[in-house]
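# Overview (structure and organization)
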Amino acid sequence: MGKVVLVTGAARQLGSRFVRRVQRAAGVERVIAVDAVPPEHDLGGAEFVRADIRRPAIARVLAEHRVDTVVHLDVTGIPLGSGGRSTVKETNVIGTMQLLGACQKSPGVQRLVVKSSTGVYGSAPRDPAVFTETTQPKSLPSGGFAKDAVEVEGYVRGFARRRPDVAVCVLRFANILGPAADSPLADYFSLPVLPTVLGYDPRLQFVHEDDVLDVLLLASDEPRRGTLNSGTFNVAGEGVLLLSQCARRLGRPTVPVVLPAVTWVGSALRAVGVTDFAPEQIRLLTHGRVVSTDQLRETLGFTPSYSTAEAFADFVRGRGAGLLPPEAAAGAVDRLSGLVALAASAASGTSAPSVSKERIRHG
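Notes on the structure follow. (Residues numbered from 1 in each chain as written. Predicted model: local features only at pLDDT ≥ 70, side-chain atom pairs only at ≥ 80, totals over all residues. Heavy atoms only, no water.)

Aromatic ring pairs are defined here through the distance separating the ring centres and the angle between the ring planes. Overall, the coordinates contain 7 aromatic pairs when judged by the stated rule. Note on Tyr-121 and Phe-131: the rings are 4.7 Å apart at their centroids and 20 degrees apart in plane angle, and the pair reads as stacked. A residue pair is termed long-range when its members are at least 10 positions apart, and Tyr-121 in the loop between strand S5 (111-117) and helix H4 (144-162) and Phe-131 in the loop between S5 and H4 qualify at 10 residues. Each member of the pair Tyr-121 and Phe-131 is classed as buried. Connected via pairs of aromatic rings, a cluster forms that spans Tyr-188, Phe-189, Phe-206, Phe-312 and Phe-315. (Phe/Tyr/Trp six-rings, centres within 6.5 Å; stacked < 30°, edge-to-face > 60°. Helix = DSSP H or I, 4+ residues; strand = E, 2+ residues; numbered from the N terminus. Buried < 20%, exposed > 50% of the residue type's maximum accessible area, 1.4 Å probe, protein only.)

What follows is about helix H1 (residues 13-23). Since the α-helix turns once every 3.6 residues, residues separated by three or four places project in the same direction. Taken together, the buried positions of H1 are occupied by Leu-14, Gly-15, Ser-16, Phe-18, Val-19 and Val-22. In the core, the buried residues of H1 are packed alongside strand S1 (3-8), strand S2 (28-35), strand S4 (69-72), S5, strand S7 (175-177) and helix H6 (209-219). (Contact = heavy atoms within 4.5 Å.)

A separate point is the nonpolar core. Of all hydrophobic cores here, the largest spans 33 residues; its most connected members are Phe-18, Leu-171, Phe-173 and Leu-216. Breaking this core down by element, the ones donating at least two residues are S1, H1, S2, strand S6 (167-173), H6 and strand S11 (231-235). Phe-18 has contacts with Val-7, Val-71, Leu-73, Leu-213, Leu-216, Leu-217 and Ser-220, leaving out every residue within four places of it along the chain. Among the nonpolar cores identified, the runner-up in size contains 27 residues, and Ile-32, Leu-62, Val-75 and Val-114 belong to it. (Core = buried A, V, L, I, M, F, W, Y, C linked by side-chain atoms within 4.5 Å.)

What follows is about unusual backbone geometry. At Arg-66, a residue that is not glycine, the phi angle is positive and equals roughly 55 degrees. For Arg-66, the location among the structural elements is in the loop between helix H2 (57-64) and S4. Exposure remark for Arg-66: the relative accessible area of 70% places this residue in the exposed category.

Within a sheet, adjacent strands bond to each other through the backbone by hydrogen bonds, running parallel or antiparallel. Across the sheet, which stays open at both edges, the 7 strands sit in the order S3-S2-S1-S4-S5-S6-S11 with parallel pairing between neighbours. This sheet does not close on itself; its edge strands, each paired only once, are strand S3 (47-50) and S11. With strand direction ignored, the average angle separating the axes of adjacent strands in the sheet is 20 degrees. Pairing between S4 and S5: 4 bridges, direction parallel. Note that in S5 the partner of Val-71 across the bridge is Val-113. The strands that H1 touches are S1, S2, S4 and S5; relative to S2, the one it contacts most, it runs at about 170 degrees. Lying over the sheet, H2 contacts S1, S2, S3 and S4, oriented at roughly 165 degrees with respect to S2. (Pairing = 2+ DSSP bridges. Axes fitted to C-alpha atoms, helices over the stretch in contact; angles between N-to-C directions.)

The next point concerns the pairing of S2. For S2, the tally of buried residues reaches 6 of 8 residues, placing the bulk of the element in the interior. Pairing of S1 with S2, which is carried by 6 bridges, proceeds in the parallel orientation. Its bridge partner lying in S2, Leu-6 is registered against Ile-32. What joins S1 to S2 is H1, and the crossover it makes is right-handed. With 4 bridges connecting them, S2 and S3 associate as parallel partners. (Right-handed = clockwise from strand over helix to strand, strands pointing away.)

With respect to the helices and strands, Gln-136 occurs in the loop between S5 and H4. Judged by relative accessible area, Gln-136 falls into the exposed class, the value being 65%. C-alpha separation for the pair Gln-136 and Tyr-121, spaced 15 residues apart in sequence, amounts to 7.3 Å.

Attention now goes to the pattern of salt bridges. The final tally for this structure, using the stated rule, is 14 salt bridges. Across the salt bridge formed by Glu-90 and Arg-54, the nearest N and O atoms sit 2.8 Å from each other. Here Glu-90 is found in helix H3 (residues 85-105), whereas its partner Arg-54 is found in the loop between S3 and H2, with 36 residues between them in sequence. For Arg-54, a relative accessible area of 17% translates into the label buried. Notably, a salt bridge pairs Glu-153 with Arg-157, separated by 3.8 Å at the nearest N-O pair. One end of the pair, Glu-153, and the other, Arg-157, are both in helix H4, 4 residues apart, so they sit about a helical turn from each other. The exposure class of Glu-153 is buried, given its relative accessible area of 5%. (Salt bridge = Lys/Arg side-chain N within 4 Å of Asp/Glu carboxyl O.)

All right, on to the packing of H3 against H4 then. Put simply, H3 and H4 touch, their axes get as near as 10 Å, and they point 5 degrees apart. One way to sum up the angle between H3 and H4 is to call them roughly parallel. Here Arg-85, Lys-89, Asn-92, Val-93, Thr-96, Met-97, Leu-100, Cys-103 and Gln-104 of H3 lie close against H4, whose contacting residues are Gly-144, Phe-145, Asp-148, Glu-151, Val-152, Tyr-155, Val-156, Phe-159 and Arg-162. Residues belonging to the contact of H3 with H4 are distributed by class as follows: 9 nonpolar, 4 polar and 5 charged. (Parallel < 35°, antiparallel > 145°, perpendicular 65-115°, else oblique. Nonpolar A, V, L, I, M, F, W, Y, C, P; charged D, E, K, R; others polar.)

Put into structure tokens, the structure is as follows:
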């Protein structure tokens, strides 16, 4: 009898790709793809089970299909369909609790792989130059997906203590990029004009979506000789890129925002009609974040095929030029600049130039 692998988050692009990939792995007999909504992507020969991991019914799915390997990919910052932030948080946190409770009661479960994020380290001005897996953050994330990831990892550690017979692997991914990347940072880089924080040029790391699939496959199998795929591992491509380098490689103009007005950036982006940006991403684009991948290479035995720069280059190729016509880009700059001027004047108690107010009224 081969392995029976259950994959959560199968309706998402990354989840469906992994479902198709793991079916071809040696020793895998069946793949059970789970999500609360039907997938729009092909799942190959996997069996799809429509189930909400926030509900106790997930325990029945594990038992009925005699699952021995669980790959938990339904930890994300992007809502699926019409769901909002509250739905995302419930799936991330409550869903993980229910799934772990089901795994704890299932004697057949032998391996658990959990998708996490380097966002658990936060982004603060006094952060170390490089985070290792054991580095304690100077300031824990206060909200959003990063805080969800912190809570998820806490529950996973509790599960590992209660079920020491289960091999548990937590993969902390840097920002995932590639031609089909779907994340808040990918949305930010797709803007025609990139708002940045004046005086800051953060260091960023990326991991290619193909490397994400490869390392998930490695973590879900028995460890290779001389390696160990239980524990917590940072996953990122080699090297770093400055935000200014990213902007130049995208060919997009930037609009520097003064630090007192940083909290207004999300409102400015909403006004332009492009996207909303959570405080955790604003902090990342202010202070940056770099992690060590020594354990990934030396203990897990995995070396990403794409460096940070190569992952970003593939993302750029997948998105194309994407620039608005000059007059449209100028209009976006005017509206962003006008909102920034208002924010700065509100913070200082002075009046913004009348020309900016006029642009906002008629923009």
